[in-house]
Each structure stands twice: as structure tokens, then as C-alpha cells.
Amino acid sequence: MHQPAPSTDLRHRTIEAPAGRLHLVEQGTGPLVLLVHGFPESWYSWRRQLPALAAAGYRAVALDVRGYGRSSKPAATDAYRMLDLVADNVALVRALGEETAVVVGHDWGSTIAATSALLHPEVFRAVALLSVPYAPPGGPRPTDVFAQMGGDQEFYVSYFQEPGRAEAEIEPDLRGWLAGFYAALSADTMPTEGEPDPHFVTRTGGRLRDRFPAGKRPAWLTEDDLDVYAGEFERTGMTGALNRYRTMDRDWEDLAPYAGAPIKQPSLFIGGALDASTTWMADAIDAYPATLPGLASAHILDGCGHWVQQERPEEVNRLLTSWLDSLQD
């Protein structure tokens, strides 16, 4: 059993990486655990995991993915392809003086973590996925799939494709938009059955925020938390974050050699029962015996929405540390 080491305060640092620079926040000593956030978030999404993992004897490191926070924001849309984000993760492990790491991701970070483990098993010895299940590369072209969703409504991923379009909705009231987006996907504030689905927009002149819950803030999100998130995006704008969606077809081409490939390292999945990512991708979860043969366990948290490690920090921390400890035996 791995012996816990004393926790230390959060340490901010910047390392050189293919992105240019990557900002990271580190706490604790021990085996390296890399935490990768999703959209539209930052390293701060892991604020409740960093001290818990450090207290359990791990070197917990949460980064700002390229395009976010204090990390570099390349101008080219193509600079946000998955292969580049994986290269950033490998460079980060090396810059921290480590040979291997366990990688943990949420939302887009789950896909980045999974692809990092798939392409570099020699670096990423285990992978935990939060909210978004692992689905091997392959299948139809992503934008073709998304274009067919929703009928007379437009799926949000398609809405995000055109440069500048979503930015024009979001950036005039960034704090308000983020508050609405977080609320729309949180268990305690999400629209009820029969209300318009916030994953879609009306095709003519529609906006995502038209379907956000009005005046509701999830229990996990304090005003101070919202200030942190809004402050980061007020400084950076939204384009770097949205460019992740705009490279999905390029990723599909880049990862074609890995079509159908399983991730064989030890793995863990944690999702929310009320999260569309979990329900829409139920077939991917059912396929885990083939696609994640090293899966220790999959946990669907009742009454939980999309922001699992923020909605249910204690439960997620317990599941993560128990799994991490099992890797040390």
C-alpha cells in the first residue's frame, strides 16, 4: 500500500511544451497524477481533488489545457487537434522529471486523457475518465454525425463549428453565459423533462443561452468560483476553448490508424446518472469489456449531472484515491 505523504500548498508554475507554455498547479508528493479539465473550465475544476490526492500521497498536477487560462493560446484552429494536446501532456510529464503518470480527465479532458493513454501507454500507465465514456476512434466523420442530430434543431457541437459564431453569443456576457451553461448541466438546476434541451439551438437565430435555466446557480458553484472561471475567460476569450470542437474532423483523420483500438492499461470510469454524456453514450459504456479491458470499475452516480468532480467531490475523491491506491499494490 502506498503511504500518504504530507500535503503542501498549491504551487503554480509554467513549463515549456509544444503549445508554447503550459500553466499547471501542483500539490503533494508521490506518484504523479495528471488532471485534465474540460469545456469551459480550467485547472480550477480540480480544486477539490488536488488537496485530497495530495493528502493521500500523490503528486497531483492540474493543467490549463492549451487555449485556456494561463497556458499558450496558438492562433491557428489546427493547433488544437488531439495529437497536439497529447503531445502537451507527454511534454508536461517529462518537464516534471517523471517517466510515467496516471492521467485523469473530465469532459473533453476525458477524451484527451483516453487518447494520451491510447497513443502513449509507456507514459500513461493508467487512466480515469470522468463524465465522457471512452469510445475508440473510428466510425463516421464527426461533423456528419452531429449535423444529423436534432432534426429541426441544431446540436451544440455543430453550432460551435463556425469560428466567431459562438463567441458572438458568449463573450458580451461571459459571466452570465458560464453561469447558465454550468446550471444547464448540473443535477440541481438542469431543465426538467419536457423543457427545451440546452444541448440544442433553434436553427434560425437561436442561441444556447435561450435554453439555460434563468436565475439558477448550482449548489457546487459559489459566486467566488464563478468569478474565477469568468475572470480567466474574460482575459483569454473563448476561441481557444471552442477550437477543440473545430478540429474534430481532423482528429478523426489523424486517429484513423487507431480505429477500434482498446485502452489496455488499468482504467476507471465515473459518470453522472443525469448527464447526457452518460445516457447518449450508454453503448460505449456497455462496450467497456472490449474497449477498456483493464477497467477496475465503472460508477454511475445517482442524482449527479455533468460536473461530477465538482458536484460530488467527496465521492469522486474516495473513488479516485481507492483506485490509485490499488495501482500501487
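Further up the page is the structure itself.
Here the structure is a predicted model, which means the values were calculated and not measured.

### Observations concerning the overall build of the chain
Thinking step 1. The number of helices and strands found in the chain is 15 helices and 10 strands.
Thinking step 2. Expected size for 329 residues packed as a compact globule is a radius of gyration near 20 Å; at 19 Å, the chain falls within 12% of this value.
Thinking step 3. The dimensions of the chain, computed from C-alpha atoms along their principal axes, are 55 × 45 × 40 Å.
Thinking step 4. Nonlocal contacts in the chain, meaning residues at least 24 apart in sequence, comprise 77% of its contacts between residues at least 6 apart.
Thinking step 5. For the chain, the distance from the average position of its 28 positive side-chain charges to the average position of its 44 negative side-chain charges is 4 Å.

### Some points on the sheet that holds strand β4 (residues 59–63)
Thinking step 1. Taken together, 8 strands build an open sheet; the order of strands is β1-β2-β4-β3-β5-β6-β9-β10 and the sheet is mixed. Looking at strand neighbours, the two that pair on one side only are β1 (11–17) and β10 (295–301), the edges of this open sheet. Here the strands of the sheet are splayed against their neighbours by 20° on average, with no regard to which way each runs.
Thinking step 2. Here 4 bridges tie strand β6 (residues 124–130) to strand β9 (residues 267–272), and the two strands are oriented parallel to one another. Residue pairing in the sheet places leucine 130 in a bridge with isoleucine 270 of β9.
Thinking step 3. Each of β3 (32–36), β5 (101–106) and β6 is contacted by helix α3 (residues 108–119), which is oriented at about 160° to β6, the strand it contacts most.
Thinking step 4. Across the sheet, helix α15 (residues 313–328) is in contact with β3, β5, β6, β9 and β10; its angle to β6 comes to roughly 160°.

### Observations regarding the packing of helix α7 (residues 174–184) against helix α8 (residues 223–236)
When two helices pack together, their arrangement is given by the angle between their axes and by how far apart the axes lie.
Thinking step 1. Interaxial distance between α7 and α8 falls to 9 Å at its minimum, and their mutual angle equals 125°. Classified by the interaxial angle, the pair formed by α7 and α8 is oblique. As α7 packs across α8, the resulting crossing turns out to be right-handed. Contacts between α7 and α8 involve Leu174, Arg175, Leu178, Ala179 and Tyr182 from the former and Glu223, Leu226, Asp227, Tyr229, Ala230, Phe233 and Glu234 from the latter.
Thinking step 2. Of the residues belonging to the contact of α7 with α8, the class tally is 8 nonpolar, no polar and 4 charged.

### Considerations on unusual backbone geometry
Thinking step 1. Following phenylalanine 39, the chain continues to proline 40 via a peptide bond in cis, the omega torsion being -10°.
Thinking step 2. Looking at where proline 40 falls in the secondary structure, it is placed in the loop between β3 and α1 (50–55).
Thinking step 3. With phi around 60°, aspartate 107 is a residue other than glycine that occupies positive phi space.
Thinking step 4. Note that aspartate 107 resides in the loop between β5 and α3.
Thinking step 5. By relative accessible area, which is 10% here, aspartate 107 ends up buried.
Thinking step 6. Phi angles above zero are rare outside glycine, and serine 131 is one such case at about 80°.
Thinking step 7. The topology assignment puts serine 131 in the loop between β6 and α4 (142–147).

Quick notes on the rules
- Residues numbered from 1 in each chain as written.
- Predicted model: local features only at pLDDT ≥ 70, side-chain atom pairs only at ≥ 80, totals over all residues.
- Heavy atoms only, no water.
- Helix = DSSP H or I, 4+ residues; strand = E, 2+ residues; numbered from the N terminus.
- Rg over C-alpha atoms; globule rule 2.2 N^0.38 Å.
- Contact = heavy atoms within 4.5 Å.
- Lys, Arg positive; Asp, Glu negative; His and termini not counted.
- Charge placed at Lys NZ, Arg CZ, Asp CG, Glu CD.
- Pairing = 2+ DSSP bridges.
- Axes fitted to C-alpha atoms, helices over the stretch in contact; angles between N-to-C directions.
- Parallel < 35°, antiparallel > 145°, perpendicular 65-115°, else oblique.
- Left-handed = near helix turned anticlockwise from the far one by under 90°.
- Nonpolar A, V, L, I, M, F, W, Y, C, P; charged D, E, K, R; others polar.
- Buried < 20%, exposed > 50% of the residue type's maximum accessible area, 1.4 Å probe, protein only.

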